[in-house]
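Architecture and fold: a report
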Amino acid sequence: MTNRLRAWARERPLAVDAGLAVALALVDAAFLLLTPRELRPEQLWAALGWSVLCATPVAIRRLAPWPAVGAAVATLAVPVLFHLAPTTQGLTFVVLTYTMAAHRPLRPATLAALLLWVPVVLANLVAPLDGVLDMGPGVLVLNNLLTASVAYAVGRAVQARRQTTRMLRERARIAEATQRSLTGQAVADERRRIARELHDVVAHHVSVMGVLATGARRVLRRDPDAADEAMATVEETGRATLRELRRLLDVLRTDAEPAAELTPQPGLTGIEALVEQVREAGLPVTLRVDGTPGPMEDGVALTVYRIVQEALTNALKHAGRATALVRLTVTDGFLAVEVTDTGRGPAPVPDRIGHGLVGMRERVALYGGVLRTGPRPGGGFRVYARIPLESAGAVPA
């Protein structure tokens, strides 16, 4: 509700300022009505009319600030000619001084304050009003200067606060844009890396197909059964290659990447060696396999291997003196990999992008899986990924 009211006030400044002018006139009217009869002006209605006239510049203070300043200065003729000083006149000068100081740069705000209050000081010195609490011209001048100084200082403080708020918002916007850019760059880097590895998988499949096709052609006449088996393998490998090519196009590999090597990427069979390497590096790791993994695409196996590799690498860096558990589970057409450790976990670092987690997320999403990472309830860190095998064309255990 408050935000809607503020938005409404920003969209209708004239209505808001007109309401403020009416409020000032009502305040002066209340003062006049509460004043004892012997101290009231002789012509009460005329005094109320002059009060409304003196409050009018407030209604255009933001729509036309300089004309409002000129109109306020012109109202000084009321006390000089008619020896009548409405309360709204002083309030109008205060409001206009604050408005110019809060909404204008330093020089225009200072000029407006001088244009407003110098004539007031001259009027107090040249034609002071009689019977105003028996105060001399010097006291009146000092009082007006103090009032002007307070209104001007408050306005400049509000102006400074607004500028600070705008600067902080701009910095936050730039920081958010930079964060998005860094995140996008990290995702792009990881996707290029995934594309390179998928390209290697495809290149290996194609090389295997070429070797098998050559062998099948050579033994076709003397051993048709062996040739048929080789061509069946070529057919299966070709289908897997097409699936990997589709995923390769999904990650938009650029032409500037280096050529692939005709060597297979690591898969599930390499996890045991990876676990042994991490043990030798100083982190006790236990490998547990639940179920029997059936045939699966090399890309899925590579994804599982990279997840285990990244998780164990992070555990080596951040866990400290701890133990780790790698668990592979094959069930109901899904392959789940979970890596947990009992260490202290990574310390939060502001403005830092976790490229490893980004890479794992991109790999798992490429095969339609889910990834969950975070601290464990009892301490340590947990990385869990679940990848469907059926969507990859594999045979579940």
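Above this text sits the structure in question.
Residues numbered from 1 in each chain as written. Predicted model: local features only at pLDDT ≥ 70, side-chain atom pairs only at ≥ 80, totals over all residues. Heavy atoms only, no water.

Further remarks concern the overall build of the protein. Helix and strand counts for the protein stand at 12 helices and five strands. Restricting to contacts in the protein with at least 6 residues of sequence separation, those with at least 24 account for 73%. For the protein, the computed accessible surface area is about 23500 Å², with 60% contributed by carbon and sulfur atoms. (Helix = DSSP H or I, 4+ residues; strand = E, 2+ residues; numbered from the N terminus. Contact = heavy atoms within 4.5 Å. Areas by Shrake-Rupley, 256 points an atom, 1.4 Å probe, with all protein chains shown as cover.)

A large share of strand E5 (residues 381-388) lies buried, amounting to six of its eight residues. With eight bridges connecting them, strand E3 (residues 334-341) and E5 associate as antiparallel partners. Across the sheet, aspartate 341 pairs through a bridge with phenylalanine 381, a residue of E5. With six bridges joining them, strand E4 (residues 370-375) and E5 adopt antiparallel strand pairing. Along E5, the bridge assignment pairs valine 370 with arginine 386. Here E4 hands over to E5 after five residues, with glycine 379 in that stretch at a positive phi of 110°. (Buried < 20%, exposed > 50% of the residue type's maximum accessible area, 1.4 Å probe, protein only. Pairing = 2+ DSSP bridges.)

Taken together, the side chains of Asp223, Asp225, Asp228 and Glu229 present a region of like negative charge at the surface. Topologically, aspartate 225 is positioned in helix H9 (residues 224-250). Classification of aspartate 225 as exposed rests on a relative accessible area of 63%. (Patch = residues over 30% accessible without salt bridge, like charges linked within 9 Å, V, L, I, M, F, W, Y side chains within 5 Å. Salt bridge = Lys/Arg side-chain N within 4 Å of Asp/Glu carboxyl O. Lys, Arg positive; Asp, Glu negative; His and termini not counted. Charge placed at Lys NZ, Arg CZ, Asp CG, Glu CD.)

Turning to the packing of helix H4 (residues 65-74) against helix H7 (residues 106-126), a few remarks are in order. Packing of H4 against H7 brings their axes to within 9 Å, and their N-to-C directions diverge by 15°. Our classification of the angle between H4 and H7 gives roughly parallel. In this structure, the crossing between H4 and H7 has a hand that is right-handed. Across the interface between the two elements, Trp66, Val69, Ala72 and Val73 from H4 touch Pro108, Leu111, Ala112, Leu115, Leu116 and Pro119 from H7. Looking at the contact of H4 with H7 residue by residue, the classes come out as 10 nonpolar, no polar and no charged. (Axes fitted to C-alpha atoms, helices over the stretch in contact; angles between N-to-C directions. Parallel < 35°, antiparallel > 145°, perpendicular 65-115°, else oblique. Left-handed = near helix turned anticlockwise from the far one by under 90°. Nonpolar A, V, L, I, M, F, W, Y, C, P; charged D, E, K, R; others polar.)

Counting 35 residues, the largest nonpolar core has Val285, Val308, Leu312 and Val337 as the members making the most contacts within it. Every element with two or more residues in this core is listed here: helix H10 (271-281), helix H11 (298-318), strand E2 (324-331), E3, helix H12 (355-366) and E5. No other element matches H11, which puts nine residues into this core. With near-sequence residues (within four places) excluded, valine 308 lies in contact with Ile271, Leu274, Val326, Val337 and Val339. Counting residues in hydrophobic clusters, the runner-up holds 12 residues, among them Ala68, Leu96, Val120 and Ala148. (Core = buried A, V, L, I, M, F, W, Y, C linked by side-chain atoms within 4.5 Å.)

Looking now at the sheet that holds E3. Taken together, the five strands give an open sheet; going across it, the order is E1-E2-E3-E5-E4, and neighbouring strands pair in mixed fashion. With one partner strand each, in any of the chains shown, strand E1 (285-290) and E4 form the two edges of the open sheet. Within the sheet, the average angular offset between the axes of one strand and its neighbour, ignoring direction, is 10°. The sheet contact formed by E2 and E3 spans eight bridges and is antiparallel.

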